[in-house]
Amino acid sequence: MFFYNSSPDAAETVGLPLARLSRPLLFFAGASVFIWALFSPNFRDAENSLTGQVCVPFSLSAVCFILSLTLDGRWRAASLWFGMAVIAQAAIFQITYAGPALHYQHLKPASEILTGVSPLVWGFLIFQAALVAGGIFRRRRQIFGWLKANFRPWQAGAVFAAFFICSATVSEDPRFYIYELILAGTLQTINLGNIVLAVAAIPESAAGSLKKLKRFLTGADEAGKIEPAGPDRFVLSLAFFVFLLAALLNVFSYEKHPHIPDEVAYLTQARFFAAGELTRPAPPVREAFEIYLMEINGDRWYPVTPPGWALILALGVLAGAAWLVNPVLAALNLILTYVLLRELYPKPTARLAVLLLCFSPWYIFIGMSFMTHMAALAAALLAALGVVLARRKQSAGWAWAGGFALGFISLIRPLEAVAVAGLLGLWAIGFGGKRLKWTAVAGLVLGAMIVGAANFYHNAALTGDPLKIPIMEYTDRHFGKNSNAYGFGPDRGMRWSLDPNPGHGPFDALVNSNLNISTLNTELFGWSTGSFLLLFVFLLAGRFQQSDHLMLAVKAAVYILHFFYYYSGGPDFSARYWFLMVVPLVALSARGVEVLAAKLDNSSKNFSPGLYAALAALCLTALINFVPWRAIDKYHNFRGMRPDIRRLAAGYDFGRSLVLIRPEKGAFHFPDYDSAMIYNPPDLENDEPVYALDRGPETRKKLAAAFPDRPVWIVNSPSATGRGYEVAFGPLSPEDFLNEIDRELK
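Basis of the calculations
- Residues numbered from 1 in each chain as written.
- Predicted model: local features only at pLDDT ≥ 70, side-chain atom pairs only at ≥ 80, totals over all residues.
- Heavy atoms only, no water.
- Helix = DSSP H or I, 4+ residues; strand = E, 2+ residues; numbered from the N terminus.
- Rg over C-alpha atoms; globule rule 2.2 N^0.38 Å.
- Buried < 20%, exposed > 50% of the residue type's maximum accessible area, 1.4 Å probe, protein only.
- Pairing = 2+ DSSP bridges.
- Salt bridge = Lys/Arg side-chain N within 4 Å of Asp/Glu carboxyl O.
- Patch = residues over 30% accessible without salt bridge, like charges linked within 9 Å, V, L, I, M, F, W, Y side chains within 5 Å.
- Areas by Shrake-Rupley, 256 points an atom, 1.4 Å probe, with all protein chains shown as cover.
- Arc of directions from axis to C-beta.
- Contact = heavy atoms within 4.5 Å.
- Expected span 1.5 Å × (residues − 1).
- Polar contact = N/O pair within 3.5 Å; in protein donor to acceptor, adjacent residues only side chain to side chain.
- Phe/Tyr/Trp six-rings, centres within 6.5 Å; stacked < 30°, edge-to-face > 60°.
- Axes fitted to C-alpha atoms, helices over the stretch in contact; angles between N-to-C directions.
- Parallel < 35°, antiparallel > 145°, perpendicular 65-115°, else oblique.
- Nonpolar A, V, L, I, M, F, W, Y, C, P; charged D, E, K, R; others polar.
- Core = buried A, V, L, I, M, F, W, Y, C linked by side-chain atoms within 4.5 Å.
- Left-handed = near helix turned anticlockwise from the far one by under 90°.
- Lys, Arg positive; Asp, Glu negative; His and termini not counted.

## Observations regarding the overall build of the protein chain
Here comes step 1: On a plain count of helices and strands, the protein chain comes out with 31 helices and nine strands.
Here comes step 2: Computed over the C-alpha atoms, the radius of gyration of the protein chain is 28 Å, within 12% of the 27 Å expected from 2.2 N^0.38 for a compact globule of 746 residues.
Here comes step 3: If one aligns the C-alpha atoms of the protein chain with their principal axes, the spans along those axes are about 85 × 70 × 50 Å.
Here comes step 4: With 746 residues in all, the protein chain has 58% of them scored as buried.

And the structure:
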C-alpha cells in the first residue's frame, strides 16, 4: 500500500513500557526547551527582543509535546516523520534572508550558509534529505506506480515544473537566481516527500480515526450538492480563531502601531474623519510635518488617499480600538467567504476553502495590519453576495445592496473596483450564470453609481475638480508627471528601489508577476512544500465546473489589471495588490484536495483520508513555525517603525509640549518621523504633545515661534541611536530653547 503502514501498531511492539515512560520526560523536555528559549539571551537582540532564531527551539518544543502524546501509540512513526518536517521548516528559516527591512525574501548564498549558519541547522537539513530520500526509495514502486496510473506524463511534468519555478524570487544576478531556484525547489521537494512519508507511516488500524478527521474537515462523507446555507458552528469557530490570532499579532508583533507609510496616512485620515473634518489647517511650519501621502496645499492639510477605508477605520478610532478593525473584518470575511462559496460549491468544498483561509498567513497578517485590503475584500464579497442572492431570490433589493457594496470598493481601492465591477456586470447579464432581471441589473448599476459618486465630492473638496484624484495630483507634484499613472510608459514609477527598472513595460510587468507569485507561494499557506501544489494539481488535472471558471475569472481580472500598473505592491504583505485573489486561491486549492482525494480513492477507499491528515499536518506546521517566525523576524519593528515614542510620552509625561524628532544627519523622515507623527492630535492646539521633525536650526527657530507656550523636548530617533527613540534633553523652557538655537546658529 502507498499511504498506510501495514506493520503492527507501535502499541504492540516490545518497546511499549519504555515509550510510556518517555511521555512525561518528553513533555518536561518540551516545556524546558520552550522556557529556556523564551528567556535565553542567545535568542534575543541588543534590545532584548526575540529574534527569528528562536523558532528552532520553539519548533523542537512543539515536537516534544506532540511526541509525548503519540510515542506509545499507533501514531508514533507518523509523528516522528511529522516532527522532522516541523524542525526542518524552522531550520530553513535560519538559512533565509527575511527580516524587517524592505526587501524580498531570499535564501542565503551557499558560502554564508556553510560559514555563517550553525552546522546543526544545515546538518539537520542534510540528515532530513537523506532519510526522506531513503524512505521514498523504499516506496518508489508504489509512489511512481500511483502517479503513472493517475496522471498523464505531461500533467505530472507540468505540476512539478510549476512547483519548482514558483519556489524562488527573481534576483538581479541570474546566477544567484538559478542557484536559489534549485535549492528552494529541492527543499520544497524534500519536505513534500517528508509529508508523504509521515502519512504513509500511519497504520491501517488508524483508518477509522482518519475518516473521522475527513468528516470533521469536510462536514460530510460524500461530495454532496450545492445547497446555500449560513455559517455553522465550525465556520464561526474558525472566524473567532482568525479574529483572536490577528488581534494578538497586532498587539504583540505590530504593537498596535502602523509600520508602513500608507498606514500612517490612513490612520491620520481616520482621525480627521472621527473629528468630523475632511481637512485640517496647514501646520505652521510645513517642512516639520511632512510625511508621505499627506498634502499641504495652501492653508489646508489632508491625506490624499481614497476615503473609504478611513471611514471604516474612523469607527475604530471613535471606539478607541482602531487596531481591532481589521481583525474584526478578517473574521467577518471568513464568514462571508463561506456563505458565498456555499452558493457556488457543495459544503465540503466551501468548508475546506475557509479552513485553508483560516490558516493562511497571508490572510492573517493582512488582518493584523492597518491596510485597506481586508475592507476591499469585505465590500467585494458583499457585492458578489448581492448578485447571487438577487439571482436566487429574484429580488432587485439584493442587487441594490450589491451595487452599494460595489460602489464602496471604489472609495477604498479604485483599480480593484474596476475588476469587481467588470466581473459582476458580466455575471449579472448572463456570463457564467443566469441573467438577472433588468430591474436588478439597473439596481446593481445605480447602487454602485450612487455610492461611487462620493469620489467626485471627495475629489472636488480636496483638489477643486471632481475629476482630479488627490493622490494622482500629489504624485504628479512630488514624484513627476505620470509617476503614478496607469499603463506602460517611460515616465511611470516613483524611482523606488524595488521598482525593477525606470518606467514600466512588459518586461517589468513580468518581473512584478514573478515577485508576487513567488512571495505568494511562500505566504499563502506558509507550507514548507510551497503553497501552490494543490492549486496546480487542480488546474492541470481537474475537471472544471462553472464555479471554477468564475474563480479563474476573478484571478485573471485582478492579474491583468495590475499587469499594467508599474509597481508590484512590494514585499510588505506579500502580493497585497492581488489580495482579492485570496478567495479563488483557497477555493481552487480546496478543489485540488478533492481531485487528489478522488484519485486516491481510485486505488482504495481507505487512501483519501490520509490526504486530509496531510492537510491538517501542513496547516499545523504553518501555525507552529511560519506565523511566529513572520511575527518575530519580519513584522516586529517592520521597516524601522516602532512605538517607542508612545512609551516615552507616558514615561516622561510630555503633556502639552513640543517634541522634536531628531534623525541621523541626512536621514529621510521615514521611518523616524512617521512613527512619532501618528501620535499627533488632529488639532495641534490642544493639550497633547506635538511631534515635529527637527530639520536643523532654522526649522527649530520657526517651531519655537509657532509654539511659544510649550516646553520643548529633543528626542533622538532610531536612525541616530541605532536602537529606539531616546530623550536627548528636555524639557526646555521656550526661552532656553531659543537660546540654544541662537548658540547653534552662531
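Picking up after the structure, the text goes on.
## Focus: the pairing of strand β7 (residues 690-693)
Here comes step 1: What you see with β7 is no split at all: V690 and A692 on one side and Y691 and L693 on the other are buried throughout.
Here comes step 2: Across four bridges, strand β6 (residues 658-662) lies against β7 in parallel orientation. Bridge pairing in β7 links V659 to Y691.

## So, the pattern of salt bridges
Here comes step 1: Counted according to the given criterion, the structure contains 28 salt bridges.
Here comes step 2: With its nearest N and O atoms 3.5 Å apart, the salt bridge here joins E255 to R647. Taken together, the residues span a long stretch of sequence, with E255 in the loop between α10 (233-252) and α11 (261-274) and R647 in helix α27 (residues 644-652) at a distance of 392 residues.
Here comes step 3: In this structure, R642 and D644 form a salt bridge, with 2.8 Å as the shortest nitrogen-oxygen distance.
Here comes step 4: Here D644 falls in the buried class, since its relative accessible area comes to 9%.

## Considering a nonpolar patch on the surface
Here comes step 1: A surface patch of nonpolar side chains, amounting to about 550 Å² of accessible area, comprises W400, F404, V445, L446, M449 and I450.
Here comes step 2: Only α17 (396-410) and α19 (438-452) provide two or more residues apiece to the nonpolar patch.
Here comes step 3: Among the elements that line the nonpolar patch, the one with the most residues is α19, at four residues.
Here comes step 4: Checked against the element boundaries, I450 lands in helix α19.
Here comes step 5: Note on I450: relative accessible area 52%, which makes it exposed.

## What to know about helix α20 (residues 454-463)
Here comes step 1: Among the residues of α20, N455, H458, N459, L462 and T463 are the ones counted as buried. Taken down its axis, α20 places every buried residue within 100° of arc, on the same side.
Here comes step 2: Tucked into the core, α20 has its buried residues touching α11, β4 (294-297), β5 (300-303), α17, α19 and α21 (470-479).
Here comes step 3: Positioned one or two residues after α20, G464 has a phi angle of 85°, which is positive.

## Brief notes about helix α8 (residues 174-200)
Here comes step 1: Helix length check: α8 (27 residues) gives 39 Å between terminal C-alpha atoms against 39 Å at 1.5 Å per residue, within 8%.
Here comes step 2: Among the residues of α8, the N-terminal cap falls to D173, whose side-chain oxygen and the backbone nitrogen of R175 are separated by 3.0 Å.

## Let's talk about the pairing of β4
Here comes step 1: Examined bridge by bridge, β4 and β5 share four bridges and lie antiparallel to one another. In the sheet register, E295 faces β5, and the bridge partner there is Y302.
Here comes step 2: The hairpin formed by β4 and β5 contains two residues between the paired strands, and G298 there has a positive phi angle of roughly 65°.

## Side note on the packing of aromatic side chains
Here comes step 1: Tallied over the full model, the rule gives 42 aromatic pairs.
Here comes step 2: Relative to W629, the ring of F93 lies with its centre 3.9 Å away and its plane at 0°, an arrangement referred to as stacked. Taken together, the residues F93 in helix α3 (residues 76-94) and W629 in helix α26 (residues 608-635) connect sequence positions 536 residues apart.
Here comes step 3: Since its relative accessible area comes to 2%, W629 is described here as buried.

## Details of the packing of helix α5 (residues 119-138) against helix α6 (residues 140-150)
Here comes step 1: At a closest axis distance of 4 Å, the pairing of α5 and α6 adopts a crossing angle of 70°. As far as their axial angle goes, α6 and α5 are roughly perpendicular. In contact with I136, F137 and R138 of α5, α6 contributes R140, Q142 and I143.
Here comes step 2: Of the residues in the contact of α5 with α6, the class split is three nonpolar, one polar and two charged.

## Side note on unusual backbone geometry
Here comes step 1: In the segment running from G730 into P731, the intervening peptide bond is cis, with an omega of 0°.
Here comes step 2: We note that N482 has phi near 70°; this positive angle belongs to a residue other than glycine.
Here comes step 3: The residue N482 is located in the loop between α21 and α22 (506-523) in this model.
Here comes step 4: Note on N482: relative accessible area 27%, which makes it partly exposed.

## Examining the nonpolar core
Proteins that are soluble and globular tend to have nonpolar side chains buried together.
Here comes step 1: In this structure, F289, L334, Y363, I645 and Y691 are the most contacted members of the largest nonpolar core, which totals 207 residues.
Here comes step 2: Among all residues touching L334, those that are not within four sequence positions of it are V235, L238, A239, V242, V354, L357, C358 and Y363.
Here comes step 3: Counting residues in each nonpolar core, the second largest holds 14 residues, with I95, L107, L125 and L181 among its members.

## Regarding the packing of α10 against helix α13 (residues 325-344)
Here comes step 1: It is at 8 Å that the axes of α10 and α13 come closest, and there the two elements cross at 155°. In this view, α10 runs roughly antiparallel relative to α13, as classed from their interaxial angle. Our pair here, α10 against α13, has a crossing hand that is right-handed. Packed against α10, whose contacting residues are V235, L236, L238, A239, V242, F243, A246 and A247, the element α13 presents P327, V328, A330, A331, L334, I335 and Y338 at the interface.
Here comes step 2: Residues belonging to the contact of α10 with α13 are distributed by class as follows: 15 nonpolar, no polar and no charged.

## A short note on the side chain of R710
Here comes step 1: Following the sequence through the fold, R710 ends up in the loop between α29 (697-706) and β8 (712-716).
Here comes step 2: Despite being buried, R710 has no salt bridge partner; D709 is the closest side chain of opposite charge, sitting 4.7 Å away.
Here comes step 3: Among the polar contacts listed, one links the side chain of R710 to the backbone oxygen of L684, at a separation of 3.1 Å.
Here comes step 4: Here the side chain of R710 touches N686 through a polar contact of 2.7 Å, landing on its backbone oxygen.
Here comes step 5: Filtering out sequence-adjacent residues up to four positions away, R710 remains in contact with R656, S657, L658, L684, E685, N686, E688, P689, V690 and P734.

## Concerning the sheet that holds strand β3 (residues 280-281)
Here comes step 1: Taken together, the three strands give an open sheet; going across it, the order is β3-β5-β4, and neighbouring strands pair in antiparallel fashion. Edge positions in the sheet fall to β3 and β4, since each has one partner strand and no second.
Here comes step 2: Two strands pair when backbone bridges link them, and β3 and β5 are joined in this way by two bridges, in the antiparallel orientation. Paired with R280 across the two strands is W301, which belongs to β5.
Here comes step 3: Packed onto the sheet, α21 meets β4 and β5 and runs at close to 80° relative to β4.

## Some thoughts on the environment of S675
Here comes step 1: Summarising the element assignment, S675 is placed in helix α28 (residues 674-677).
Here comes step 2: With residues up to four places along the chain from it excluded, the contact list for S675 reads H257, G640, M641, R642, I645 and Y725.

## Describing the sheet that holds β7
Strands pair in a sheet through their backbones, by hydrogen bonds, and they do so in one of two ways: parallel or antiparallel.
Here comes step 1: Read from one edge of the open sheet, four strands run β7-β6-β8-β9, paired in mixed fashion. With one partner strand each, in any of the chains shown, β7 and β9 (726-732) form the two edges of the open sheet. Taken pair by pair, the neighbouring strands of this sheet meet at an average axis angle of 20°, ignoring direction.
Here comes step 2: Contacts from α29 reach β6 and β7 within the one sheet, and its direction differs from that of β6 by about 170°.

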